[in-house]
Amino acid sequence: MKRLLPAVLIILAWTLLALLAGQLPLDPDRIDLQRILLPPAAGGGLGFDDLGRPVLDRMLVGARTSFVVAFGVVALSAVLGVLIGALAGYLGGRLDAAAVVVMDVFLAFPGILLAIALAGLLGPGIDNVILALATVGWVGYARLARAQVLSLKQREHIVAARALGSRLPRILLRHLLPLMSAPLIIEATFGIASVVIAEAGLSFLGLGVQPPQASWGSMIRDGVRYLLVAPHLVLAPGAALFAVVLAVNLLGDALRDRLDVRADTQERGMTV
Amino acid sequence: MPAYFLTRLVSAAWVVLGVASLVFLLIHLVPGDPVEMMLGESAAAADRQALREALGLDQPVLQQWLGFLAGALRGDLGVSLYSQRPVSGLLLERLPATAELTVAALLVTLLIALPLGVLAATRQGSWWDTAAMGFSLLGVSIPNFWLGPLLVLLFSLWLGWLPVSGRNGIDSVILPALTLGTSLAAILSRMVRSSLLEVLGEDFIRTARAKGLAPLTVTLRHGLGNALLPVLTLLGLQLGALLGGAVVTETVFNWPGIGLLTIEAIQRRDYPVVQGCVLLIALSYVVVNLVTDFLYAWADPRVRLGSGS
């Protein structure tokens, strides 16, 4: 547990910043041509970008972007995926067969390729990013939920609940969901990490949030052009991104060990 | 035995049909009028009509869908709105660059993952193991669009050993391949380790040791040989991740492959080219996974004789 402390602290800091970024006295969009590309200095934060905007302020606001997208996408895809997967697994038959084909089709698009295409067609904006990533993200939860339900639905307590006349929603929510929660929580934890990377990736490609709104990915995108003269533009947001993803992955590993679930969650992750 | 291959082939065919349909639907799923999105609001009505006809958007959706599928079967993916050239020609032009990058990245992946995984498994719990798994965690957590610029900063700008971007000669592929390969090696080395650990606990390993074989022979011939089977499946999935990840990496290094073409086409709202790129990448992924499944079944009779699936 002690080894996890830095990871937990990073995640806490990320969460707090995301929640409080609106209240802090930041001016991430203030353009000051006198300060263009100034390097980090003592007391001067993390330097300034190509428009003279403060890098630290933009990073803090970027924390909020990645947080909102990460939790939005994971919540949306988990609810949708679990619903589809659990229903398919429980009801079986043609519905299940159809669901499996649809899942296979979505899984045939490697990584975030489908999200890239969707985000590109939908146009930039945080809503569209969430929509595009959730369209890709639900499949993982659906697969997991379906597999879990298939192995659970013949258990005695489910048969008993059915015999007692419980309706479908009650069986799913009260009798199945609690038993599938451990692997789902782990999947969602790794999901947060991969969505943080995916959002930054889309923004890096210019398909994410719209300027001047800050995202770690778009900061890296803008900074790459000045790599030689002002490496801090790429180093700072990248380090923040890396730290958050690493912390969440560490937490996921710890949860997996603790909850003792043998799930190969990461292998289908959204490698970017 | 042929039954397994046949079932697998049929399900792959369904997936291909689904993939093509979804790619076709991409344009129609997007809210708003695609023609308006492409031309902007100030376009003349005649231009809109012309584009609508050029894309076949004036026909019923069902007919468009059948036309798209029939065209795709013939390798005809329409014409680029930007360059007015056939999409298939554009794809063919970019394919060698992506293939080169993929092979190089795969090589990097294997060169890192195999030794690291074997080292970690044979010295389980040691410093080597910790270091290898630490590398794996770092590799999974570092995004390509950050690792890429970092490598450029170190090897191109500070040390001046390798070119920053583009595709000129063999040394320009090194950094993109390293970038793509590292994250995959991170996942694969974990898999090699756990798979090898499982195999090394088997009875036949004890037998091999007991009859006095050299430890290295036992590990590599008897252990790794068997441990690589599940790794093979993962490698198939990975190759897909390579293809998908290539979009980002090719953008970082301005590598003129399919991935960069995808992004260029998105920026130009050149929808037929976007569709072609996505379709090509997804189909290669399906084919690669089909081939790995077949290889697996060929190498491991338990699969094709069907106790599992």
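Below: a short report on this structure. Chains are numbered independently. Their residues run from 1 in the order of the written sequence. Throughout, the order in which chains and ligands are written sets their labels, letters from A for the former and numbers from 1 for the latter. Reporting of local features is limited, given that this is a predicted model, to residues whose pLDDT is at least 70; pairs of side-chain atoms are given and counted only at 80 or more, and all residues count toward the totals for whole chains, interfaces and linings.

Strands here are runs of E lasting at least two residues and helices are runs of H or I lasting at least four, both read from the DSSP assignment and numbered beginning at the N terminus. From N to C terminus, chain B includes 13 helices and zero strands. If you line up chain B on its principal axes, its C-alpha atoms span 85 × 60 × 30 Å. This entry defines residue contacts through backbone-placed C-beta atoms, with two residues in contact when those atoms are within 7 Å. For chain B, the proportion of contacts with a sequence separation of at least 24, taken over those separated by at least 6, is 71%.

Moving on to the overall build of chain A. From N to C terminus, chain A includes nine helices and zero strands. In chain A, buried positions account for 49% of the 272 residues. Summarising the internal contacts of chain A: among those between residues at least 6 apart in sequence, 71% fall at separations of at least 24. Any residue surrounded by 20 or more other C-beta atoms within 10 Å of its C-beta is treated as buried, while 12 or fewer makes it exposed and the intermediate range makes it partly exposed; C-beta atoms here are placed from the backbone.

Expected span of a helix: the number of residues minus one, times 1.5 Å. Between the first and last C-alpha of helix 3 (residues 93-107) of chain A there are 21 Å, a value that for 15 residues agrees with the 21 Å anticipated at 1.5 Å per step. Those residues of helix 3 of chain A that fall on the buried side of the exposure criterion are M103, V105, F106 and L107 of chain A.

Residue and element names in this part refer to chain B. It is at 8 Å that the axes of helix 11 (residues 258-267) and helix 12 (residues 271-299) come closest, and there the two elements cross at 150 degrees. Between helix 11 and helix 12, the interaxial angle falls into the category roughly antiparallel. Note that helix 11 runs across helix 12; the crossing there is left-handed. Two secondary-structure elements touch here, helix 11 through I258, L261, T262, A265 and I266 and helix 12 through V273, V274, C277, V278, L280 and I281. The nonpolar class holds Ala, Val, Leu, Ile, Met, Phe, Trp, Tyr, Cys and Pro. Asp, Glu, Lys and Arg form the charged class, and all remaining residues, Gly among them, are polar. In the contact of helix 11 with helix 12, the residues fall into ten nonpolar, one polar and no charged. With axes taken as lines fitted to C-alpha atoms, and helix axes fitted only over the stretch in contact, angles between N-to-C directions fall between 0 and 180 degrees. For classification purposes, an angle smaller than 35 degrees is called roughly parallel, one larger than 145 roughly antiparallel, one from 65 to 115 roughly perpendicular, and anything else oblique. Take the far helix as the reference: if the near one is turned anticlockwise from it by less than a right angle, the crossing is left-handed, and if turned clockwise, right-handed.

Before going further, it helps to examine the interface of chain B and chain A. Of the residues lining the interface, 40 residues belong to chain B; the matching set on chain A comes to 37 residues. Among the secondary structure elements, those contributing two or more residues to the side of chain B that touches chain A are helix 1 (2-29), helix 6 (127-141), helix 7 (144-158), helix 8 (174-200), helix 10 (215-253), helix 11 and helix 12 of chain B. Among the elements that make up the side of chain B that touches chain A, the one with the highest residue count is helix 10 of chain B (ten residues). Of the residues contributing to the side of chain B that touches chain A, the split by class is 31 nonpolar, nine polar and no charged.

Once that is clear, we can look at the environment of F242 of chain A. Here F242 of chain A shows up in helix 9 (residues 232-259). Look past the residues within four positions of F242 of chain A in its chain and what remains in contact with it is S141, I142 and W146 of chain B.

Once that is clear, we can look at the packing of helix 10 of chain B against helix 11 of chain B. Residue and element names in this part refer to chain B. Where helix 10 meets helix 11, the closest approach of the two axes is 7 Å, and the angle between their N-to-C directions is 80 degrees. Put simply, helix 10 runs roughly perpendicular to helix 11. Each of A246, V247, E250 and T251 in helix 10 lies in contact with helix 11, whose residues at this interface are G259, L260, T262 and I263. Within the contact of helix 10 with helix 11, the residues separate by chemical class into four nonpolar, three polar and one charged.

All names here are of chain A. Its place among the elements puts P231 in the loop between helix 8 (216-224) and helix 9. Judged by C-beta crowding, with 18 C-beta atoms within 10 Å, P231 ranks as partly exposed. When the C-alpha positions of P231 and P39 are compared, they lie 8.5 Å apart, and in sequence the two are 192 residues distant.

Burial analysis of helix 6 (residues 156-163) of chain A places just zero of its eight residues in the buried class, which makes it a mostly uncovered element. In the stretch just after helix 6 of chain A, G165 of chain A is the one whose phi turns positive, near 90 degrees.

This paragraph deals with the environment of L200 of chain B. Residue and element names in this part refer to chain B. Secondary-structure assignment places L200 in helix 8. In sequence terms L200 and A227 are 27 residues apart; their C-alpha atoms lie 8.7 Å from each other. If we skip the residues at most four places from it in the chain, L200 touches A121, I205 and G223.

On to unusual backbone geometry, then. Most peptide bonds adopt trans geometry, and most residues besides glycine take a negative phi value. With an omega of 10 degrees, the peptide bond between P211 of chain A and P212 of chain A qualifies as cis. With respect to the helices and strands, the residue P212 of chain A is situated in the loop between helix 7 (168-204) and helix 8. Of note in this structure, Q84 of chain B is not a glycine but carries a positive phi near 60 degrees. Following the sequence through the fold, Q84 of chain B ends up in the loop between helix 4 (61-73) and helix 5 (87-122). We classify Q84 of chain B as exposed; it has 8 C-beta atoms within 10 Å. One non-glycine residue, N254 of chain B, lies in the positive phi region at around 55 degrees. Inspection of the secondary structure assignment puts N254 of chain B in the loop between helix 10 and helix 11.

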